[in-house]
Every structure is written in structure tokens, then in C-alpha cells.
Amino acid sequence: MKNFSVLILAIVLFASCKDKKSDAVSNELAQADVLLENLKSLTKKGVLFGHQDDLAYGNGWAYEDGNSDVKRVVGDYPAVYGWDLGHIELGDTINLDGVPFSKMKQYALEVYKRGGINTFSWHGTSPYNRKTAWDTTATIKHLLKEPKFMAEYHKDLDKVAEFLISLKDENGNTIPVIYRPLHELTGSWFWWGKKQTSPEDFKKFWCLTLDYLKSKGVTNALYAFSTSEVKTKGEFLERYPGDRYVDIIGVDAYHMSSVDGATFSQGLKKTLAILNEVGKEHNKLMALTEIGSEQIPDPKWWTEVLFPTIEEANLSYVLLWRNGRPDHYYVPYPGQTSAKDFEEFYKNPKVLFQKELTAEKIYQKK
Ligand code: BMA
């Protein structure tokens with residue numbers, strides 16, 4: 001009897017990892033698929049430039065309609081806008097970095113209306129002990145074994161689902177977005193991290209997360225699977241949940257101040273070559289889902305470090321991290337050391353900002 005239950009459980013878990021998109025395709029899903037297809041062809045033209053929390057705050061300002069540090073320097077908005085859902089699970093009205101969820105929703109609509117792209121990550125607190133995302137207790141193991149903690153996680157996902165579904169335009173159409181849960185999964189600093197979770201448990205958890213969101217009616221999300229920097233293809237694929245559960249593959253990579261530009265570039269190029277191998281074999285869109293050099297001390301970082309590193313990498317987008325504090329920012333503001341170089345980078349025809357993306361009509365079926 002016991003073996004029989006185990007068998008049934010195994011079948012259910014296995015099946016749950018295979019079934020995404022098997023249902024009738026809804027309008028919203030078709031919309032998200034249009035976005036995915038258009039992004040795939042756009043990769044041939046260039047790489048989209050993105051920035052976390054771009055419209056919410058920047059150097060010396062916060063919540064001023066229309067403002068953006070990127071725009072202050074180059075006169076154009078980024079093409080991709082990152083937002084984080086951390087603390088939505090607590091029922092808070094502002095996220096972990098102080099962005100009101102109501103504002104985030106308003107920005108996401110504004111972005112969609114001008115033909116930009118929204119991507120969401122989730123630095124969520126642990127459903128096991130409610131410590132921060134950076135808690136390194138082996139959490140997933142508990143969630144999979146103990147229904148009371150899984151129920152907590154489901155409650156968290158309910159809030160995420162509610163938010164994603166609420167992203168609608170004036171005609172009631174749900175806005176397609178990129179959702180990037182459980183990110184930097186090959187690092188060991190989040191509760192879902194490598195040392196805290198076996199590959200099998202991670203894959204199971206990824207699939208049940210997506211299945212649960214879908215069961216709650218989320219049809220407008222493309223899913224990004226994003227690791228931290230990896231050294232081998234095996235490392236990248238060890239926790240990969242399968243093609244049906246992933247739309248975009250990516251890595252997060254930061255240029256630390258202790259490392260010179262050439263060394264950073266060389267290392268990241270190796271990771272991007274791995275990403276390209278996997279992307280080709282699995283037919284996935286690729287992205288640098290987070291990148292940056294904190295405070296950008298190198299005046300030529302954009303044209304001499306970033307661009308040469310990503311030039312041949314067939315990426316859909318690069319997302320620079322947030323301009324959160326005077327000591328924690330990743331895009332320049334007027335007068336910043338690298339601002340002039342950022343203007344040169346902007347002019348590069350292979351790097352696409354909002355104006356170029358708007359012309360592409362990314363949400364329209366071609
Ligand atoms: C980190 C830092 C933190 C922030 C977190 C989530 O990289 O920017 O200050 O809280 O991302 O956005």
C-alpha cells in the first residue's frame with residue numbers, strides 16, 4: 001500500500017512537471033506567446049537595455065512622474081523595466097525596497113502602453129520561518145514534506161498571482177510580463193539556493209510553483225530561469241526543470257570592484273558561451289537578467305567592458321540593477337563618471353532603448 005501511494009505521488013509529481021501549456025490557449029497566453037516570438041526575432045537586431053525600478057526612484061529623486069535616471073542622461077527610457085515583488089507575500093503595501101505596489105502597477109501599465117517590457121523578480125521571505133529571502137535554512141525540503149509550510153507558500157503565491165493578474169490595460173487585457181522566480185538558484189545565498197536544496201527538490205518546487213500560479217489563473221507570464229554565473233553547462237542544467245517550464249534562460253552577473261574589467265569580461269564571456277549552447281539546444285531566449293558595476297567607477301565601462309562582453313552573446317536583454325542609494329547604483333545620472341560613455345553606448349545601433357522598442361510594436365502579432 002505504501003509503495004502504491006509512493007508510485008501515485010511520483011506519477012503526480014512527474015506529470016505536474018510536464019503539463020504546462022497543455023490547456024486550451026487563452027487570449028492572454030497567446031499575448032505572452034506573441035511577446036516571446038517577437039522578442040526572439042528582435043534578438044537579431046540588438047540587445048534591449050533594461051533597468052530595475054527605473055521609474056520609481058533614482059539619484060536624488062523618488063516617485064516623480066516621468067522621471068528616470070536613464071532618461072536624464074540619454075533622453076530616452078530603457079526598453080525593459082525590472083520590478084521586485086518581495087514583501088507582497090506579507091500583505092505589505094510597499095516592496096522590500098520601498099516601492100508601493102500600487103505605483104508598481106501604475107508604472108507597469110505606463111510601460112506596456114509605450115511598448116516597453118516589464119519583468120518581475122521576487123525576493124520573497126521564507127514561508128518556513130518568515131526570515132528574509134537571504135535566509136539560508138534548507139527551506140524547500142521542509143515545504144515539500146510539511147503541508148503546513150506548503151500551505152504558507154501557497155498563500156504567498158496567491159498574492160503574487162493576484163498581482164500579476166491585476167496588471168491590465170484599460171480594455172481589461174492582461175499585460176504580458178516576464179516573471180523570474182527563484183533567481184540566482186546556483187548560488188547559496190537565498191533560501192532556495194544550491195547548498196540548501198537538492199536538484200530534484202528544486203525542479204519539483206519550480207514546477208509546482210508555476211503550476212500553482214497557472215491554476216490560480218496566471219496566463220500572462222513568460223518564465224525566466226536565471227542562475228548566477230556558472231562554470232559548466234552541467235552546472236547550468238543541473239536544476240533546469242525542463243523546456244515546458246521555461247521560456248527564457250538567463251544569468252545574473254556583477255562586476256565586483258575587486259576585479260578588473262578584462263577579467264570580469266573574460267569570465268562572463270565563458271558563462272555566456274554556456275548560455276548560448278543551452279539556448280541553442282533548447283531553443284530559448286537568453287538574457288543577462290541582472291548585471292552591473294556598483295557606482296560604475298570605470299568611465300568607459302559601457303563601451304569598453306559591457307558592450308564588448310555582450311556583443312556576440314545573442315541576448316534578448318540586459319537588466320542593470322537599481323539606483324537605490326548614493327553608494328548603490330548601476331546606471332549613471334547626469335555628471336556621473338560614466339555618463340558620457342553611457343551616451344556613446346546609447347548611440348550604438350545594437351543596443352535598443354524604449355524609442356527603438358516602441359517602433360517594434362512588441363505586443364502585436366506579426
Ligand atoms: C539587492 C540590493 C538590495 C535589494 C535587493 C532586492 O541586490 O539592491 O538593496 O533589497 O537587491 O531588490
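Quantities reported herein were computed from a predicted structural model and do not represent experimental measurements. (Residues numbered from 1 in each chain as written. Predicted model: local features only at pLDDT ≥ 70, side-chain atom pairs only at ≥ 80, totals over all residues. Heavy atoms only, no water.)

1. Regarding the overall build of the protein
Then, number 1: Check the secondary structure of the protein and you find 12 helices and 11 strands.
Then, number 2: Computed over C-alpha atoms, the radius of gyration of the protein comes to 20 Å, within 12% of the 21 Å expected from 2.2 N^0.38 for 366 residues, which places it in the range of a compact globule.
Then, number 3: Considering only C-alpha atoms, the protein reaches an extent of 70 × 50 × 40 Å along its principal axes.
Then, number 4: A total of 366 residues make up the protein; the buried ones form 54% of that total.
Then, number 5: Intrachain contacts of the protein at a sequence separation of at least 6 include 75% that bridge at least 24 residues.
Then, number 6: In the structure as shown, the protein presents an accessible area of about 15500 Å², 55% of it carried by carbon and sulfur atoms. (Helix = DSSP H or I, 4+ residues; strand = E, 2+ residues; numbered from the N terminus. Rg over C-alpha atoms; globule rule 2.2 N^0.38 Å. Buried < 20%, exposed > 50% of the residue type's maximum accessible area, 1.4 Å probe, protein only. Contact = heavy atoms within 4.5 Å. Areas by Shrake-Rupley, 256 points an atom, 1.4 Å probe, with all protein chains shown as cover.)

2. Examining the nonpolar core
The tendency in soluble globular proteins is for nonpolar side chains to be buried side by side.
Then, number 1: Counting residues in hydrophobic clusters, the biggest one holds 114 residues, and the most contacted among them are Phe49 and Phe120.
Then, number 2: Every residue in contact with phenylalanine 120, bar those within four places of it in the chain, is listed here: Trp83, Leu85, Met104, Ala108, Phe163, Leu164, Leu167, Val177, Ile178, Tyr179 and Arg180. (Core = buried A, V, L, I, M, F, W, Y, C linked by side-chain atoms within 4.5 Å.)

3. A closer look at the confidence of the model for the protein
Then, number 1: Mean pLDDT over the protein stands at 94; residues scoring 70 or higher make up 92%.
Then, number 2: Of the regions scoring below 50 in pLDDT, residues 1-16 engages in four contacts with residues more than four places distant in sequence or in other chains.
Then, number 3: Across residues 19-25, where pLDDT falls below 50, the model places 15 contacts with residues more than four positions away in sequence or in other chains. (pLDDT = per-residue confidence, 0-100.)

4. Side note on the environment of leucine 237
Then, number 1: Mapped onto the secondary structure, leucine 237 falls in helix H8 (residues 233-237).
Then, number 2: Overall, the relative accessible area of 24% leaves leucine 237 in the partly exposed class.
Then, number 3: Distance from leucine 237 to aspartate 33, taken between C-alpha atoms, is 24 Å for residues 204 residues apart in sequence.
Then, number 4: Look past the residues within four positions of leucine 237 in its chain and what remains in contact with it is Val278 and His282.

5. Some thoughts on the site of the ligand
Then, number 1: The environment of the ligand is formed by Leu96, Asp97, His123, Trp134, Trp321, Arg322 and His328.
Then, number 2: Residue tryptophan 321 places a side-chain N or O atom 3.0 Å away from an oxygen atom belonging to the ligand.
Then, number 3: In this structure, an oxygen atom belonging to the ligand sits 2.6 Å away from a side-chain N or O atom of histidine 328.
Then, number 4: Expressed as a share of its isolated accessible area of 310 Å², the protein-covered part of the ligand is 78%.
Then, number 5: Considered class by class, the residues forming the shell around the ligand number three nonpolar, two polar and two charged. (Near = heavy atom within 4 Å. Polar contact = N/O pair within 3.5 Å; in protein donor to acceptor, adjacent residues only side chain to side chain. Nonpolar A, V, L, I, M, F, W, Y, C, P; charged D, E, K, R; others polar.)

6. Quick word on the side chain of aspartate 341
Then, number 1: Structurally, the position occupied by aspartate 341 is in helix H11 (residues 339-347).
Then, number 2: This buried residue, aspartate 341, is left without a salt bridge; lysine 300 holds the nearest opposite charge, at 4.5 Å.
Then, number 3: Aside from chain neighbours lying at most four places away, what touches aspartate 341 is Pro299, Lys300, Trp301, Trp302 and Thr303. (Lys, Arg positive; Asp, Glu negative; His and termini not counted. Salt bridge = Lys/Arg side-chain N within 4 Å of Asp/Glu carboxyl O.)

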